[in-house]
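Results of the structural survey
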Amino acid sequence: MMNKDAELINIDENLDFAVDKAEKIYLGGNIFIYPTDTIYGFGANPFNEEAIARINTIKGREEGKSYIFLIDGIESLLKYIELDSEHHIDFLHSIWPNPVSVVLKLNKKTATVLNQETAAFRVPNHRFCQKLLKKLKMPLVSTSVNRSSHPPVIEPVIIKEQFSSEVDAIFFSEKKSFIEASTIINLIDSAPKLLREGKIKFADLLSKFN
């Protein structure tokens, strides 16, 4: 059930408390806003249809559009994807954790559950995200905090004003907000393809692949 006003939790004051709280919200099928190594994101269990529907409603986004998934590491990632190339695995090890999201082919089980063939994954370079993901051992949705066709909201004060009545909790930091989204590459084929350049330059990624 949606709260009238979201609980506001400063991750700088008690990181472990914040992580435990986020885990409970995730496992309860609810949604929250949280800081990442890029911009603030909506978070939820990607396998919970109601939670994803809520995020779609808040953002005014069409159903069926896929979201980026954060994950704690490549060992967990391999439960959800098909990755035949050792070179690709070595490449992922070389670029993560970092604000680089990689589109990969889902395995049959995950593709059936999510009703999509591919998904973008990222191992984030952010302490709160890393601690939470290690506890969850599951993917976490990460999508920018904004209404469809509007720019991302990156300041905690404005996030609270605009979204507090629509999510279950807002996790925030008083440290400087990041203002750039992740770089997105496609690794379905043999070589990486750039889909969106963000904080990390594509040329730097290619140098690690070759």
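Above this text you will find the structure in question.
Here's a quick rundown of the structure. (Residues numbered from 1 in each chain as written. Predicted model: local features only at pLDDT ≥ 70, side-chain atom pairs only at ≥ 80, totals over all residues. Heavy atoms only, no water.)

1. Section: the overall build of the protein
Put simply, the test is: A run of DSSP states H or I qualifies as a helix once it reaches four residues; a run of E qualifies as a strand once it reaches two. Both are numbered from the N-terminal end. Our radius of gyration is a C-alpha quantity, and the globule rule it is checked against amounts to 2.2 Å times the number of residues to the power 0.38. When accessible area is computed with a 1.4 Å probe and restricted to protein chains, residues below 20% of their type maximum are described as buried, those above 50% as exposed, and intermediate ones as partly exposed. In what follows, a contact means two residues having at least one pair of non-hydrogen atoms within 4.5 Å. All accessible areas in this document rest on Shrake-Rupley with a 1.4 Å probe, and a residue is counted as covered only by the protein chains that are shown. We treat Lys and Arg as the positive residues and Asp and Glu as the negative residues; His and chain ends play no part in the count. For this purpose, a charge sits on NZ of Lys, CZ of Arg, CG of Asp or CD of Glu.
Tallying secondary structure elements over the protein gives eight helices and ten strands in all. For the protein, the C-alpha radius of gyration of 16 Å lies close to 17 Å, the compact-globule estimate for 210 residues. For the protein, the spread of C-alpha atoms along the three principal axes comes to 50 × 35 × 35 Å. Going through the 210 residues of the protein one by one, you find that 53% of them count as buried. Here the analysis covers contacts within the protein between residues at least 6 apart in sequence; of these, 65% occur between residues at least 24 apart. Total accessible area on the protein stands at roughly 10600 Å², and carbon and sulfur atoms take up 50% of it. One finds the centroid of the 26 positive side-chain charges in the protein at a distance of 1 Å from the centroid of its 28 negative side-chain charges.

2. Topic: the sheet that holds strand β3 (residues 41–43)
Selection rule: A pair of strands is treated as paired once DSSP finds two or more bridges between them. Throughout, an axis means a line fitted to C-alpha atoms (over the contacting stretch in the case of helices), and angles, computed between N-to-C directions, take values from 0 to 180 degrees.
An order of β1-β8-β2-β3-β7-β4-β6-β5-β9-β10 is seen for the ten strands of this open sheet, with the pairing classed as mixed. Only two strands of the sheet have a single neighbouring strand rather than two, namely β1 (7–10) and β10 (193–196). Looking at each pair of strands side by side, their axes are set apart by 30 degrees on average, direction ignored. In terms of strand pairing, strand β4 (residues 68–70) meets strand β7 (residues 140–144) through three bridges, oriented antiparallel. Paired with Phe-69 across the two strands is Val-141, which belongs to β7. The sheet strands contacting helix α7 (residues 156–163) are β1, β2 (32–34), β3 and β8 (169–172), and the helix crosses β8 at an angle near 175 degrees.

3. Here we look at the side chain of Ser-101
Definition in use: Pairs of N or O atoms within 3.5 Å make up the polar contacts considered here, provided that, within protein, one atom can donate a hydrogen while the other can accept it, and that residues adjacent in sequence are counted only when both atoms are side-chain atoms.
Looking at the element boundaries, Ser-101 is found in strand β5 (residues 100–105). A relative accessible area of 0% places Ser-101 in the buried class. Of the polar contacts made by the side chain of Ser-101, one reaches the side chain of Ser-182; its length is 2.9 Å.

4. Looking at the pairing of β10
Sheet topology places strand β9 (residues 183–186) next to β10; three bridges connect them, and they run antiparallel. Within β10, the position partnered with Ile-184 by the bridge is Arg-196. Hairpin geometry of β9 and β10 is characterised by an intervening segment of six residues between the two adjacent antiparallel strands.

5. A look at the layout of surface pockets
Over the atoms rolls a probe the size of a water molecule, and its path tells where empty space is left. Our working rule: A pocket, in this scheme, is an open set of points on a 1 Å grid over the protein atoms alone with protein on both sides within 12 Å along at least 5 of 7 lines, while a cavity is a set where a 1.4 Å probe fits but cannot get out; residues line either one if an atom lies within 4 Å of a point. Grid points are joined across faces, edges and corners, and a volume is the space filled by probe spheres set on the points. Each residue gets one label: Ala, Val, Leu, Ile, Met, Phe, Trp, Tyr, Cys and Pro are nonpolar, Asp, Glu, Lys and Arg are charged, and the others, such as Gly, are polar.
One number sums up the size of the largest pocket: a volume of about 530 Å³. As for the largest pocket, its lining consists of 27 residues, of which Arg-61, Ile-68, Thr-143, Ser-144 and Arg-196 are closest to the centre. Among the secondary structure elements, those contributing two or more residues to the lining of the largest pocket are β6 (118–122) and β7. The biggest single contributor to the lining of the largest pocket is β6, with four residues. One number sums up the size of the second largest pocket: a volume of about 420 Å³. Taken together, 17 residues form the lining of the second largest pocket, with Pro-46, Ile-52, Gly-64, Leu-114 and Gln-116 sitting closest to its centre. At the level of secondary structure, the elements contributing two or more residues to the lining of the second largest pocket comprise α2 (49–59) and α5 (108–114). If one sorts the elements of the lining of the second largest pocket by residue count, α2 sits on top with four residues. Each residue belonging to the lining of the second largest pocket can be placed in one class, and the counts come to nine nonpolar, five polar and three charged.

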